[in-house]
Every structure is written in C-alpha cells, then in structure tokens.
Amino acid sequence: MGICHASKGTIHYKIEGEGTPILILHPLGTDYRSMYLWLEPLFKRCTGFQRIYIDLPGHGESTASHQLKTTDEMLLNVLEFIDMMMDKQQFSMIGCSFGGYIAQGILDRKINQVKSLCLLAPVLHLKERNLPMQTMVSDRTDEPIIKQWNADVKNAYHSLVTYQNSVNAQRFIDEIQPGRMLINKDVINTEWKENHYLFSEMPLAKVAGANHKVLIIVGKQDHICGYQDHLDYFEKFPNKSYVAINNAGHLLHIEKRDFVLPMIEEWLHGIHKKRLTLQLIFLGGKHAHFIHHFHFTNNVYYIFTFHCTIHLF
C-alpha cells in the first residue's frame, strides 16, 4: 500500500502482481476493497497483470482538500496519480458505477495511453435517463444477517441490492460496508452532489471513434444507472461488447458474480491477444447451458443481451 500526493489531496493505493497495468476504480461511497475482495481471486488464474487499486479522492484512505468540490477536480487528482505511477506506460481499466464514469474521464484525457476498458454498471453523462422501476426480490434467507445491522446499513442494502439473499447480504457487509464507514461526507455532500456528480463537460464528446476494446456489463433491473442508454452512448466504440444481464440490479458483481467473472476473465485474455473469445452462459432454473464461443476481431463485434429468466441458486 502507498500514498501518492496530488494537488488537492492524496491518493491511497494498493498494488498487486506484475505485468500489464490495470487501474481499478470503485463505486461512489465505498473504497478499493469493494473491488479488491472479489477481483483478486480471479487473478490467481489470470496472470501477467499488475492490479492498481485506488481509493478515489474523499473515499477510503484518500484525502480531499476543502478545495475539491467537483468531479473535474477529482479526476485531476487521479490523472496526477497516473502520471506519477505509470508515466507514459499503457494501461487498461476496470471501473464500476461511478468508478466507470471516472474511467471515461481518464480515457478522454489519455485516449492514446489506455489500452482497454471494462465497465460495470457505469454512470453515464446524462441527466435524463431511461431507468426501470426499483424492485426488490428477497428469499428471506438474509434476515438472520441483516437483523444485526443498524438502520443506515439496512437502508443502504435495500437501496442498492435488488436480489436479496444470505449470500448477497454477506457480500454487501464484507465488501461494500467497510468503505461506507470511511467516506468523507464533507466532500460528497457539497454542491458536487447537487450537480449529480457529473463532469462539467461530457467525456469523449470530441472523440469521433475509438478502437479500444470495451466490455460493458449492465443489469436490466438497475434502477440507479439503467441499461437501455448504454448501447447508444458507447456507439463510437466499434470493438465494444455489451451485455445486459436479466434479473440483475446495480451491484451486479454482487448479485450475478458467476456471470460477471467469466466475462471479465475473457476480457483480460483479450488484452494479451488480438482475438477475444467470449463464452456465453445462460442459466435457466438450476441448470447452466454453455451455448457457443464467439470470436471478436478488430473488425467484427457482437452485442449480447441475456433475455432468459434467471433464478437465484
């Protein structure tokens, strides 16, 4: 672990492994552990990558000066970190929710330095969005766990997790809640919040097209960021793969981890070779059906949407 000093605060980071750098960006209101704890097991079998986890400014152990009041200023701190840690070296990114939005800002500023991008339920630069109605599905196996929580934790869980059971409740308390306890509320509750945490300008607005390999994974029951807007929003990336998972909410890496991890694994393989192979897994009831292998080249891409009904195991 280390601390990097930036213009308007510090960036706390944790580096694991050696090889191709991947900058990993967590959601708003958590810290690096919300990504680290579930991604690191994947890298036990996906070697050759240096994982750079950071706490965003005002989150975890990263500090933010009283002058930091906008997402633009938050981005500048992260860009300074990248310049100091990676210089001109190429890197890829994994960003979840607000972390995926920051990743778009980084790509806008360092488009020739970023190699590939994986976005999980990313925030978009849109004030008007197509959002599904909030739903909550529970099998009540989580009740012995959540009855030990205070009102704040319960409210966050019910607000963020769509499919609630004992497994997802334990993941929430282990991975999301620790970072929630460290959030600097003086930062996130300023006028920054009133501006919907958006940049002053739309990222990538001046980019006509980019050949980066981009994997976008969204949940069809995500009432926070939605899923319908993402396909058109990322139209300028011809080498994108878009996956909308049915019966998954905003925290899809918690609710549908068995879906998300194989897709990220294939995206990682694609960083090290020119062709990316994605194995589609459709779940129906309690049975998994392995359908086909699709190949991505520099000239061909496929867009996938999961329409099947998925039952929790």
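This text goes with the structure placed above it.
Keep in mind that this is a model prediction, so the values were computed, not measured.

### Remarks on the environment of Pro57
Reasoning step 1: Tracing the sequence through the fold places Pro57 in the loop between β4 (49–54) and α2 (71–86).
Reasoning step 2: Residues Pro57 and Glu73, 16 residues apart in the sequence, show an inter-C-alpha distance of 9.3 Å.
Reasoning step 3: Discounting residues that sit within four places of it in the chain, Pro57 has contacts with Ile11, Ser62, Thr63, Ala64, Leu68, Met74, Asn77 and Val78.

### Quick word on a nonpolar patch on the surface
Reasoning step 1: Together, Ile15, Met84 and Met85 make up a nonpolar patch on the protein surface, roughly 240 Å² of accessible area in all.
Reasoning step 2: Relative to the assigned elements, Met84 resides in helix α2.

### Side note on the pairing of β4
Reasoning step 1: Most of β4 is tucked away: five of the six residues are buried.
Reasoning step 2: Pairing of strand β2 (residues 9–16) with β4, which is carried by four bridges, proceeds in the antiparallel orientation. Within β4, the position partnered with Tyr13 by the bridge is Ile54.
Reasoning step 3: Across five bridges, the pairing between strand β3 (residues 20–25) and β4 is parallel. By the bridge assignment for β4, Ile24 is matched with Tyr53.
Reasoning step 4: In terms of handedness, the path from β3 via helix α1 (residues 33–39) over to β4 forms a crossover that is right-handed.

### Notes on the packing of helix α5 (residues 151–160) against helix α6 (residues 166–180)
Reasoning step 1: At a minimum axis distance of 11 Å, the contact between α5 and α6 shows a crossing angle of 115°. Helix-helix and strand crossings are classified by hand; for α5 and α6 the assignment is right-handed. Contacts between α5 and α6 involve Asp152, Val153, Ala156, Tyr157 and Leu160 from the former and Asn168, Ala169, Phe172, Ile173, Gln177 and Arg180 from the latter.
Reasoning step 2: Looking at side-chain class alone, the contact of α5 with α6 contains seven nonpolar, two polar and two charged residues.

### Comments concerning the packing of aromatic side chains
Reasoning step 1: Scanning the model with the defined rule gives twelve aromatic pairs in all.
Reasoning step 2: Judged by centre distance (6.1 Å) and plane angle (65°), the rings of Phe43 and Phe49 are edge-to-face.
Reasoning step 3: Residue classification places Phe43 among the buried residues on the basis of a relative accessible area of 4%.
Reasoning step 4: Residue Phe49 is classed as buried on the basis of its relative accessible area of 2%.
Reasoning step 5: Centre to centre, the rings of Trp149 and Phe172 are 6.1 Å apart; their planes meet at 35°, and the pair counts as tilted. With Trp149 in the loop between α4 (143–146) and α5 and Phe172 in helix α6, the pair connects residues that are 23 residues apart, well separated along the chain. The burial state of Trp149 is the same as that of Phe172; both residues are buried.

What counts, and where the lines are drawn
Residues numbered from 1 in each chain as written. Predicted model: local features only at pLDDT ≥ 70, side-chain atom pairs only at ≥ 80, totals over all residues. Heavy atoms only, no water. Helix = DSSP H or I, 4+ residues; strand = E, 2+ residues; numbered from the N terminus. Contact = heavy atoms within 4.5 Å. Patch = residues over 30% accessible without salt bridge, like charges linked within 9 Å, V, L, I, M, F, W, Y side chains within 5 Å. Areas by Shrake-Rupley, 256 points an atom, 1.4 Å probe, with all protein chains shown as cover. Salt bridge = Lys/Arg side-chain N within 4 Å of Asp/Glu carboxyl O. Buried < 20%, exposed > 50% of the residue type's maximum accessible area, 1.4 Å probe, protein only. Pairing = 2+ DSSP bridges. Right-handed = clockwise from strand over helix to strand, strands pointing away. Axes fitted to C-alpha atoms, helices over the stretch in contact; angles between N-to-C directions. Left-handed = near helix turned anticlockwise from the far one by under 90°. Nonpolar A, V, L, I, M, F, W, Y, C, P; charged D, E, K, R; others polar. Phe/Tyr/Trp six-rings, centres within 6.5 Å; stacked < 30°, edge-to-face > 60°.

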